[in-house]
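Coordinate inspection notes
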Amino acid sequence: MNAILHQSLPAMPWLDPRLARLPGVMPVENDAWLLRDEVFALQMAERDRLITGGAKVHGLLPMAQAAAEETYDLVLAKLSQDSSYKIGAQEALRPDGVRVALNRDNPLRSLGRLVQEDLCLMLPDGQGEHLLGGAILCFPASWSLEEKLGAPMSRIHVPVPEYDANIARRVQRLLDAVQSGRPIWRMNHNLYANPDLFHPRSEKDPRIDTTPKYLRAERQCLLRLPVTQAVLFTIHTYVLPLDSLEPDHSTALFKAHST
C-alpha cells in the first residue's frame with residue numbers, strides 16, 4: 001500500500017527537555033487523549049484492513065475483560081460528544097463516512113475501527129508491576145502483541161537496552177500515580193527505513209534500519225479507568241519523511257539517536 005505520511009508532529013520531544021528525559025510526561029490539556037488528524041481516513045482504512053483481514057492485532061486476557069468494557073463505554077461516550085461521529089446503539093458512523101458495527105462483547109476490536117489510537121490495558125500483576133492485559137494494536141513499532149500479552153512492563157521492554165532497572169522503577173511509580181480524570185502524555189520517537197504502520201517484530205529478531213528515511217513518533221497517553229482502576233495506554237502514531245524536517249530539527253534528531 002502507499003505510505004501514510006504526516007506533515008507535522010504535535011511536539012518534537014528531542015527538542016523539548018520536558019519530554020526528552022524518560023519518562024518525560026506532561027498533563028493532557030482539554031482532556032484530548034484521543035486525536036483526529038489529517039490522515040484519519042487513510043489510517044482508519046488501514047486499521048479496517050488489518051482488523052477485518054485477520055491480522056494479529058488483538059488480544060484480551062479474561063482478567064482484562066471488565067477494563068475493556070469500561071474502555072468501550074468511555075470511548076463511545078467521548079465520541080458521542082464529537083459532532084463528526086454519529087454513535088447509535090448498534091452502529092457508529094465515522095467522520096470519513098464508514099459505518100462500524102458496535103459490539104460491547106468484543107470491545108477493543110470495535111474501538112479499533114473507530115479511533116486512530118491503539119489501545120492497551122495495563123493491570124496490576126500482584127507482584128509490584130503492571131502487565132499488558134489486552135490491546136488492539138494495529139500499528140506496532142517493532143514489537144509483537146503475541147509475545148507481550150500478559151507480560152509485565154519489565155518483560156515487555158526486553159530487549160530495549162535503555163530500559164534498565166532504574167527506568168523500570170520510575171515507570172512503575174508513574175503507572176501507580178496515574179489519577180482518574182487527570183490523563184498524562186508523552187512522546188516516543190525512532191528512525192525507520194520504511195514507513196509501514198503495521199511493523200511487528202519478534203524480540204529475537206534484530207532490528208535493521210541501517211539507512212533511515214522516516215521518523216516514526218508516538219503520542220502516548222495514560223489515563224486511569226475510574227471503575228476497574230486499570231490504566232488505559234493510548235498510542236497515536238505519526239510517520240514523517242526525514243527530509244521534511246527543518247535542517248536544525250533533523251540535526252538535533254540524529255544527535256539524540258546517536259547518544
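One structure accompanies this document, and this report is about it. Sequence positions are assigned chain by chain, starting from 1 and proceeding in written order. For this predicted model, a pLDDT threshold of at least 70 governs which residues receive local features, and a threshold of 80 or more governs which side-chain atom pairs are given and counted, while totals over whole chains, interfaces and linings are taken from all residues. The basis for every side-chain value is the complete set of non-hydrogen atoms in the structure, without hydrogens or water.

**As for helix α3 (residues 65-79)**
As a reminder, the rule being used: Only DSSP runs of H or I with at least four residues qualify as helices, and only runs of E with at least two residues qualify as strands; both kinds are numbered from the N terminus onward. One less than the number of residues in a helix, times 1.5 Å, gives the span that helix is expected to have. Exposed residues in this analysis have more than 50% of their type's maximum accessible area, buried residues have under 20%, and partly exposed residues fall in between, with area computed by a 1.4 Å probe over protein chains only. Note on contacts: a residue pair is in contact if any heavy atoms of the two residues lie within 4.5 Å.
Over its 15 residues, α3 extends 21 Å from the first C-alpha to the last, a length consistent with the 21 Å expected when each residue adds 1.5 Å. Taken as a whole, α3 has its buried residues at Ala-67, Ala-68, Glu-70, Thr-71, Tyr-72, Val-75, Leu-76 and Leu-79. Where the residues of α3 are buried, they touch β2 (58-60), β3 (86-87), α4 (107-112), β6 (118-124) and β10 (231-241).

**A closer look at the pairing of β6**
To keep things clear, this is the line we draw: At least two DSSP bridges between two strands are required for those strands to pair.
With six of its seven residues buried, β6 lies for the most part within the structure. Relative to β10, β6 runs antiparallel, the two sharing five bridges. Residue pairing across strands places Met-122 opposite Val-231, the latter belonging to β10. By the bridge criterion, six bridges tie β6 to strand β7 (residues 130-136) in an arrangement that is antiparallel. Paired with Pro-124 across the strands is His-130, a residue of β7.

**Re the pairing of β10**
For β10, a buried count of 11 out of 11 residues is recorded, marking the element as mostly surrounded by other parts of the structure. Alternating residues of β10 divide into Val-231, Phe-233, Ile-235, Thr-237, Val-239 and Pro-241 and Leu-232, Thr-234, His-236, Tyr-238 and Leu-240, and every residue in both groups is buried. Bridge count between strand β9 (residues 214-224) and β10: 11 bridges; the pairing is antiparallel. Its bridge partner lying in β10, Cys-221 is registered against Thr-234. In sequence, β9 turns back onto β10 through a hairpin of six residues, with Gln-229 there showing a positive phi of about 70°.

Purely geometric numbers; function is a separate question.
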